Amino acid sequence: MPLKVLILGGGNGAHVLAGIAASNPENEVRVMSLFQDEAERWSKALESSDLVIDYTDKDGKEKQFVSKPGLITNDPKVAVPGSDIIVFVVPAFAHAQYWEALKPHMEPGMVAIGMPGAAGWEFQAYNILGDKAKGITLFNFNTLPWNCRIKEYGKRVGIVGFKDNFVGAIRKGSMEPKVDPLKAIQQSLGPRPVCTAYGDLLGMTLTHTNAIIHSAIMYGRWHDWDGKPVREAPLFYQGMDQASADLLSRVSGEIVAIATAISAKNADIDLSNVKHISDIMLEFYPEDIKDKSSLLRMMQSNKAFEGLRHPVINNDGGGVSPDFTSRYIWEDVPFGLVVHRGIAEIVGVHTPNIDKLIIWGQGLMGKEFLVDGKIKGKDIGMTRAPQRYLFKSRL
Ligand code: NAI
């Protein structure tokens, strides 16, 4: 029996997962995109072409995965029944509509996988699925296995870099999962990266790494921007400066302090998967990081980050300006930092650096999350902070 893999989303990561998973005949791959006419466009593109994924192998050779996913649809009635694993590969602001669409068709024993789920993924799952969540196994990763960008919609995508190790956490439902979650995701991803799972699911919410990395770098580069266009999009990681690295390190220290406070009160919650960002980078990229002498040098010298640039908007009069509508703000603040800050508030941990990033980010978004030192702003309904779900104690 083939492994039935359902992929949610239609962007960069969904293309890569669909292409790699479908290249193994032991997988039966379906994709569901609920965004505009994406499912139709992608299906049409594949009528005349295969899906090609370009990547550089460990031996330095340029290679490709070439395949065709079995089904691309926007219809949950067709996509969901019978799935063994359902993988979210879509920005967090779109997750709620996917949970709503999945709910009527979810069967006990299915495994939902966040790749990444981002922070608060499980809070939203419990909130939307209600009793249906009981039979479902939740498996979250704190990031995506690759850095990747679509080259031609539906047809071609490039992997800029692979992670070597891909770490997640599993929380089983009351029903045994239909398939072994770890084996199933490894079979979908192929041999690279190597997947492991340990610790409590809450550890993935706390170590949603993009939220803290992107926010610290965006703040460092643009918080005192004078509003004048710059010549070109600055390099995101290679162009990082010392102040941003120091800020990132302090933010990460606050996350570790939150985990320590939770574990001190709840000895049964295993948060050994919450680590400082320097250790996480070394875990993800042991081979790609050329200079491991400091956090700044690790970020600047990581092969998997090479060439990635700040999100920008082209100006009519020449030059570019930062794109503050990008997911580096709209995903990473409400589905990252605000969730972390909300948990910190429950366990009484002071987080001045996270607060600084939220206050800057919410200002750019024209939203209110953190007000008078509390996660109580009028816009917390668009976040996944525990306060939004009225969770006050045990998470
Ligand atoms: P993407 O930016 O390519 O996603 C775009 C897709 O999201 C669209 O194709 C559509 O399917 C969906 N979407 C966009 N706006 C929507 C809306 N308003 N309503 C419903 N659906 C909408 O995302 P990508 O690059 O595939 O990333 C997926 C996740 O992985 C994100 O959470 C991202 O932060 C994370 N990630 C991505 C990396 C990358 O290199 N692409 C690296 C590390 C993490």
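Values in this document were obtained by computation on a predicted structure and should not be read as measured data. (Residues numbered from 1 in each chain as written. Predicted model: local features only at pLDDT ≥ 70, side-chain atom pairs only at ≥ 80, totals over all residues. Heavy atoms only, no water.)

## Side note on unusual backbone geometry
Here comes step 1: The amide bond that connects Met 115 to the next residue, Pro 116, takes the cis arrangement and shows omega of -5 degrees.
Here comes step 2: With respect to the secondary-structure elements, Pro 116 resides in the loop between strand S7 (111-114) and helix H5 (121-129).
Here comes step 3: In this structure, the amide linkage connecting Arg 192 to the following residue, Pro 193, adopts the cis form with an omega of 0 degrees.
Here comes step 4: Not every positive phi belongs to a glycine, and Gln 36 is a case in point at roughly 40 degrees.
Here comes step 5: You can see Gln 36 is positioned in the loop between strand S2 (27-32) and helix H2 (38-47).
Here comes step 6: Taking the relative accessible area as the measure of exposure, Gln 36 reaches 64% and is therefore exposed.
Here comes step 7: At Ala 118, a position not held by glycine, the phi torsion is positive, near 65 degrees.
Here comes step 8: Locating Ala 118 in the fold gives a position in the loop between S7 and H5.
Here comes step 9: Since its relative accessible area comes to 2%, Ala 118 is described here as buried. (Helix = DSSP H or I, 4+ residues; strand = E, 2+ residues; numbered from the N terminus. Buried < 20%, exposed > 50% of the residue type's maximum accessible area, 1.4 Å probe, protein only.)

## Looking at the packing of aromatic side chains
Here comes step 1: Tallied over the entire structure, the rule returns 17 aromatic pairs.
Here comes step 2: Here the aromatic rings of Phe 88 and Trp 121 are separated by 5.7 Å at their centres, their planes lie at 85 degrees, and the arrangement is edge-to-face. Of this pair, Phe 88 sits in strand S6 (residues 85-88) while Trp 121 sits in helix H5, and the two are 33 residues apart along the sequence. For the residue pair Phe 88 and Trp 121, the accessibility class agrees, reading buried in each case.
Here comes step 3: Ring centres of Tyr 237 and Phe 305 lie 3.8 Å apart, and the angle between their planes is 20 degrees; on these two criteria the pair is classed as stacked. Here Phe 305 lies in the loop between helix H11 (295-300) and strand S13 (312-314) and Tyr 237 lies in the loop between helix H8 (209-222) and helix H9 (242-265), a separation of 68 residues in the sequence. (Phe/Tyr/Trp six-rings, centres within 6.5 Å; stacked < 30°, edge-to-face > 60°.)

## With respect to the domain arrangement of the chain
Here comes step 1: Taken domain by domain, the chain consists of domain 1 (3-198) and domain 2 (206-389).
Here comes step 2: With centres defined by C-alpha atoms, the gap from domain 1 to domain 2 works out at 24 Å.
Here comes step 3: Between domain 1 and domain 2, the residue contacts involve 28 residues of the former and 30 residues of the latter.
Here comes step 4: Counting each side, the surface lost to burial between domain 1 and domain 2 is near 2,400 Å², with a carbon and sulfur contribution of 52%. (Domains from an automatic or database assignment. Contact = heavy atoms within 4.5 Å. Buried area = accessible area lost by both parts, 1.4 Å probe.)

## Considerations on the confidence of the model for the chain
Here comes step 1: On average, residues of the chain carry a pLDDT of 96, and 99% of them reach 70 or more.
Here comes step 2: Overall fold confidence (pTM) sits at 0.95, and the ipTM for the predicted complex is 0.98. (pLDDT = per-residue confidence, 0-100.)

## Observations regarding the nonpolar core
Among soluble globular proteins, nonpolar side chains are generally buried collectively.
Here comes step 1: One finds Leu 206, Ile 213, Leu 248, Ile 262, Met 281 and Met 299 to be the most contacted residues of the largest nonpolar core, which totals 63 residues.
Here comes step 2: The leading source of residues in this core is H9, at nine residues.
Here comes step 3: If you look at the next biggest cluster of nonpolar residues, it comprises 40 residues, including Val 5, Leu 144, Cys 148 and Leu 189. (Core = buried A, V, L, I, M, F, W, Y, C linked by side-chain atoms within 4.5 Å.)

## Some points on the sheet that holds strand S11 (residues 165-171)
Here comes step 1: The eight strands lie next to each other as S5-S2-S1-S6-S7-S8-S11-S12, forming an open sheet whose pairing is mixed. Only two strands of the sheet have a single partner each, and these edge strands are strand S5 (71-73) and strand S12 (194-197). Each strand axis lies, on average, 20 degrees off the axis of its neighbour in the sheet, ignoring direction.
Here comes step 2: Bridge analysis of strand S8 (residues 137-141) against S11 gives four bridges, and the strand direction is antiparallel. (Pairing = 2+ DSSP bridges. Axes fitted to C-alpha atoms, helices over the stretch in contact; angles between N-to-C directions.)

## Some details on the site of the ligand
Here comes step 1: The full set close to the ligand counts 21 residues, and Asn 12, Gly 13, Glu 38, Asn 210 and Glu 331 are the nearest of them.
Here comes step 2: Within the backbone of Cys 148, one N or O atom sits 3.0 Å away from an oxygen atom of the ligand.
Here comes step 3: The side chain of Arg 149 places a nitrogen or oxygen atom 2.9 Å from an oxygen atom of the ligand.
Here comes step 4: Its free accessible area being 820 Å², the ligand has 84% of it covered by the protein chains.
Here comes step 5: Of all the elements in the fold, those that place two or more residues in the shell around the ligand are helix H1 (12-22) and strand S9 (146-152).
Here comes step 6: With four residues, S9 is the largest single contributor of residues to the shell around the ligand.
Here comes step 7: Here the residues of the shell around the ligand are counted per class, giving nine nonpolar, eight polar and four charged.
Here comes step 8: When residues of the shell around the ligand are sorted by domain, at least three fall in each of domain 1 (3-198) and domain 2 (206-389). (Near = heavy atom within 4 Å. Polar contact = N/O pair within 3.5 Å; in protein donor to acceptor, adjacent residues only side chain to side chain. Areas by Shrake-Rupley, 256 points an atom, 1.4 Å probe, with all protein chains shown as cover. Nonpolar A, V, L, I, M, F, W, Y, C, P; charged D, E, K, R; others polar.)

## Here's the deal with the UniProt feature "domain: Opine dehydrogenase" (unreviewed entry) in the chain
Here comes step 1: Sites flagged by UniProt as "domain: Opine dehydrogenase" (unreviewed entry) map to residues 199-364.
Here comes step 2: From the first C-alpha to the last, residues 199-364 spans 35 Å; its make-up is 54% helix and 4% strand. (UniProt positions renumbered as here; feature names shortened; annotations may be inferred.)

## A look at the pattern of salt bridges
Here comes step 1: Under the defined criterion, the tally for this structure stands at 26 salt bridges.
Here comes step 2: Linking Asp 57 and Lys 63 is a salt bridge whose minimum nitrogen-to-oxygen distance equals 2.7 Å. (Salt bridge = Lys/Arg side-chain N within 4 Å of Asp/Glu carboxyl O.)

## Overview of the sheet that holds strand S10 (residues 156-162)
Here comes step 1: A sheet is described by the order of its strands in space; here four strands give the open sequence S4-S3-S10-S9, paired in mixed fashion. Here the strands that pair on one side only, and so sit at the sheet edges, are strand S4 (62-67) and S9. Within the sheet, the average angular offset between the axes of one strand and its neighbour, ignoring direction, is 25 degrees.
Here comes step 2: Relative to S10, strand S3 (residues 51-56) is paired through three bridges, and the arrangement is parallel. Bridging across to S10, Asp 54 finds its partner in Gly 158.

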